[in-house]
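Examining the three-dimensional arrangement
As a plain string of letters, each chain reads:
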Amino acid sequence: YGGMGLDFSYNIAVAEELGNIRCGGIPMAIGVQAGMATPALTRFGSDELKKQFLVPTIAGDIVACLGISETGAGSDVANIKTTAVRKGDEYVINGGKMWTTSGCQADWMCLLANTSEGPPHRNKSLICLPMNLPGIHIAKKIDKLGMRSSDTAQIFFEDVRVPSKNLIGEEGKGFTYQMLQFQEERLWGVATVLTPLETIIQETIGYTRQRKVFDHPVLHNQAVHFRLAELATEVELLRSLLYRTVALYVQGHDVTKFASMAKLKAGRLAREVTDSCLQFWGGMGFTSEVLVSRFFRDLRLMSIGGGTDETMLSIICKYMETLPSK
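Residues numbered from 1 in each chain as written. Predicted model: local features only at pLDDT ≥ 70, side-chain atom pairs only at ≥ 80, totals over all residues. Heavy atoms only, no water.

**Some thoughts on the pattern of salt bridges**
Stated formally: We define a salt bridge as a contact between a side-chain nitrogen of Lys or Arg and a carboxyl oxygen of Asp or Glu at a distance within 4 Å. Note on conventions: DSSP H or I runs of at least 4 residues are helices, E runs of at least 2 residues are strands, and numbering of each starts at the N terminus. Under the scheme applied here, a residue whose accessible area is under 20% of the maximum for its type counts as buried, over 50% as exposed, and between as partly exposed, the area being computed with a 1.4 Å probe on protein chains only.
Within this structure, the stated rule accounts for 16 salt bridges. Note that arginine 22 and glutamate 203 form a salt bridge whose closest N and O atoms lie 2.8 Å from each other. Of the two residues, arginine 22 sits in the loop between α1 (8-18) and α2 (25-35) while glutamate 203 sits in helix α5 (residues 174-210), which places them 181 residues apart along the sequence. Of the residues examined, arginine 22 reaches a relative accessible area of 43% and is grouped as partly exposed. Linked by salt bridges that have partners in common, Glu16, Glu198, Glu236 and Arg239 make up one network.

See below:
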């Protein structure tokens, strides 16, 4: 279908390199296209659906978005309210999606909707939804604290009709498909923050070396260079956890626990590094003219998007409960 047939470790290599872009919005948009809106279609979609949606998406000819979160259901995916009711050879969709990356410009959406009234983990399906259909209303482009270059939309559906053949895989398996995709999404997110964190630390070293306070470079304060050394060590530890997790994933192991740990640590560390380094920039760090202030805003999303820190902690706890007692 136009892909290179490489394993997931290559996705991570790309994600890490995209961290050299000096804002978070662009890597995030590419991540949605390559690793969030398309994995379920790649694994479970029909040949017809792949030719219609996957091929041009991989080629970059069309833009994809992911329709999961709603105003009342962010990390709690099971609580979504959007419905897709089967009527003949069509699904009739009603509801809405929130915080949809690339939503204003997307050509199609990988939509998660309730297709029955059964248990919340078995009543959801994924549907390829063309975004030019009647009844799709893009309410607004959301104004955000960070990731300001990213197109983030609120979208409503009013009696939107889509062919039933646009169903990805089996009806009722959408939640399961989405949970599989989440592990890749979270690992991609971790990979994209590594290079920015390194960059921020290095730029802070450069600035504090030339910035003088009381006739001495700020960097010459032991508290400053010890703190920067600690942060650099934490970044390397995060990288090691990511690489171990990816290696296990490529080998076919369940990495839910490790992916959740990496996502949690990445969000916490992104906040810690950007906050500590911004402090060392003094008043200059509070301006929009320096990179550290941009990443202070952009990387704050890491603890929220793709599953909050609290959600990651809950997942980790559940896996720890399965460990044998010593």
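Now that the structure is up, let's keep going.
**Topic: the domain arrangement of the protein**
Just so we agree on the cut-off: Note that the domain bounds reflect an automated or database-derived domain assignment. Summed over both partners, the accessible surface that disappears when two parts come together, traced with a 1.4 Å probe, is what is meant by buried area. Pairs of N or O atoms are called polar contacts if they sit within 3.5 Å, as long as, within protein, a hydrogen donor faces a hydrogen acceptor (for residues adjacent in sequence, only side-chain-to-side-chain pairs). Any residue that is not Ala, Val, Leu, Ile, Met, Phe, Trp, Tyr, Cys, Pro, Asp, Glu, Lys or Arg is counted as polar, Gly included; the first ten are nonpolar and the last four charged.
By the assigned domains, the protein splits into domain 1 (37-171) and domain 2 (176-320). Taken together, both faces of the contact between domain 1 and domain 2 bury some 1300 Å²; the carbon and sulfur share is 64%. Three residues, Arg43, Ser75 and Met147, lead the burial of domain 1 against domain 2; their summed loss comes to 35% of the area buried on that side. At the boundary of domain 1 with domain 2, the tally comes to 1 salt bridge. Of the charged contacts, one joins arginine 43 and glutamate 184 as a salt bridge, the two residues approaching to 2.4 Å between their closest N and O atoms. Linking domain 1 with domain 2 are 4 residue pairs in polar contact (both at pLDDT 80 or more), by the criterion used here. The leading source of residues in the side of domain 1 that touches domain 2 is helix α3 (residues 39-44), at 4 residues. Counted by class, the side of domain 1 that touches domain 2 contains 10 nonpolar, 3 polar and 3 charged residues.

**A few points about the packing of aromatic side chains**
Going by this rule: Between the rings of Phe, Tyr and Trp (Trp by its six-membered ring), a pair exists once the centres lie within 6.5 Å; its type follows the angle of the planes, with under 30 degrees stacked, over 60 edge-to-face, and the other angles tilted.
Considering all chains together, one arrives at 4 aromatic pairs under this definition. For the pair phenylalanine 8 and tyrosine 249, a centre-to-centre distance of 5.3 Å together with 75° between the ring planes defines the contact as edge-to-face. Highlighted residues: phenylalanine 8 in helix α1 and tyrosine 249 in helix α6 (residues 222-250), separated in sequence by 241 residues. Considered together, phenylalanine 8 and tyrosine 249 belong to a single accessibility category, that of buried residues. Taking the centre distance of 5.2 Å and the plane angle of 50° together, the rings of phenylalanine 53 and tryptophan 108 count as tilted. A residue pair is termed long-range when its members are at least 10 positions apart, and phenylalanine 53 in helix α4 (residues 47-59) and tryptophan 108 in strand β4 (residues 108-114) qualify at 55 residues.

**Comments concerning the nonpolar core**
Convention followed: Definition of nonpolar core: a set of buried residues of the types Ala, Val, Leu, Ile, Met, Phe, Trp, Tyr and Cys, connected through side-chain atoms within 4.5 Å. Contact criterion: two residues are considered in contact whenever any of their non-hydrogen atoms come within 4.5 Å of each other.
Residues Leu41, Trp108, Ile168, Leu197, Leu242, Val273 and Cys277 are the most contacted members of the largest nonpolar core, which totals 67 residues. Here this core gathers at least three residues from each of two domains, domain 1 (37-171) and domain 2 (176-320). Residues in contact with leucine 242, not counting those within four places in the same chain, are Ile12, Leu187, Val190, Ala191 and Leu194. Among the nonpolar cores identified, the runner-up in size contains 18 residues, and Met109, Met131, Ile136 and Ile155 belong to it.

**Here's the deal with the UniProt feature "domain: Acyl-CoA dehydrogenase/oxidase C-terminal" (unreviewed entry) in the protein**
In plain terms, the rule: UniProt positions are given in the numbering used here, feature names are shortened, and annotations may be inferred rather than shown by experiment.
If you check UniProt for "domain: Acyl-CoA dehydrogenase/oxidase C-terminal" (unreviewed entry), the listed places come out as residues 172-318 in our numbering. The span residues 172-318 is 74% helical and 3% strand by assignment, and the distance between its end C-alpha atoms comes to 24 Å.

**Some points on the environment of methionine 320**
Considering the arrangement of structural elements, one finds methionine 320 in helix α9 (residues 309-321). Judged by its relative accessible area of 47%, methionine 320 falls in the partly exposed class.

**A word on the state of the cysteines**
Our working definition: Cysteine sulfur atoms that come within 2.5 Å of each other are treated as a disulfide pair.
Applying the stated rule across the entire model yields 0 disulfides. Unpaired in terms of disulfides, cysteine 65 finds its nearest cysteine sulfur in cysteine 110, a separation of 8.9 Å. Cysteine 23 provides the cysteine sulfur closest to cysteine 277, a residue in no disulfide bond, and the two sulfurs are 19 Å apart.

**Focus: the UniProt feature "domain: Acyl-CoA dehydrogenase/oxidase N-terminal" (unreviewed entry) in the protein**
Residues annotated by UniProt as "domain: Acyl-CoA dehydrogenase/oxidase N-terminal" (unreviewed entry) correspond here to residues 1-61. Annotated as 67% helix and 0% strand, the span residues 1-61 places its first and last C-alpha atoms 13 Å apart.

**Some details on the pairing of strand β1 (residues 64-67)**
Rules: For two strands to count as paired, DSSP must find a minimum of two bridges between them.
With burial as the criterion, each face of β1 is covered, one bearing Ala64 and Leu66 and the other bearing Cys65 and Gly67. Where β1 meets β4, 4 bridges bridge the pair, whose relative direction is parallel. Of the residues in β4, the one forming a bridge with cysteine 65 is methionine 109.

**Description of the side chain of serine 164**
If you trace the backbone, serine 164 turns up in the loop between β7 (152-163) and β8 (167-168). When sequence neighbours within four positions are dropped, the list of residues in contact with serine 164 reads Arg86, Asp89, Glu90 and Tyr91.

**Details of the packing of α1 against α5**
Short version of the rule: Angles shown run from 0 to 180 degrees and are taken between the N-to-C directions of axes, each axis being a line fitted to C-alpha atoms and, for helices, limited to the stretch in contact. Two helices that cross are described as forming a left-handed crossing if the nearer one is turned anticlockwise from the farther one by less than a right angle, and a right-handed crossing if clockwise.
Following both chains from N to C, one finds α1 and α5 inclined at 35°, their axes separated by 6 Å at the closest point. Two packed elements cross with a definite hand, and for α1 against α5 that hand is right-handed. Seen from α1, the contacting residues are Phe8, Asn11, Ile12, Val14, Ala15, Glu16 and Leu18; seen from α5, they are Glu184, Leu187, Trp188, Ala191, Thr192, Leu194 and Thr195. For the contact of α1 with α5, the per-class residue count stands at 9 nonpolar, 3 polar and 2 charged.

**With respect to the side chain of glutamine 33**
Structurally, the position occupied by glutamine 33 is in helix α2. With a relative accessible area of 17%, glutamine 33 lands in the buried category.

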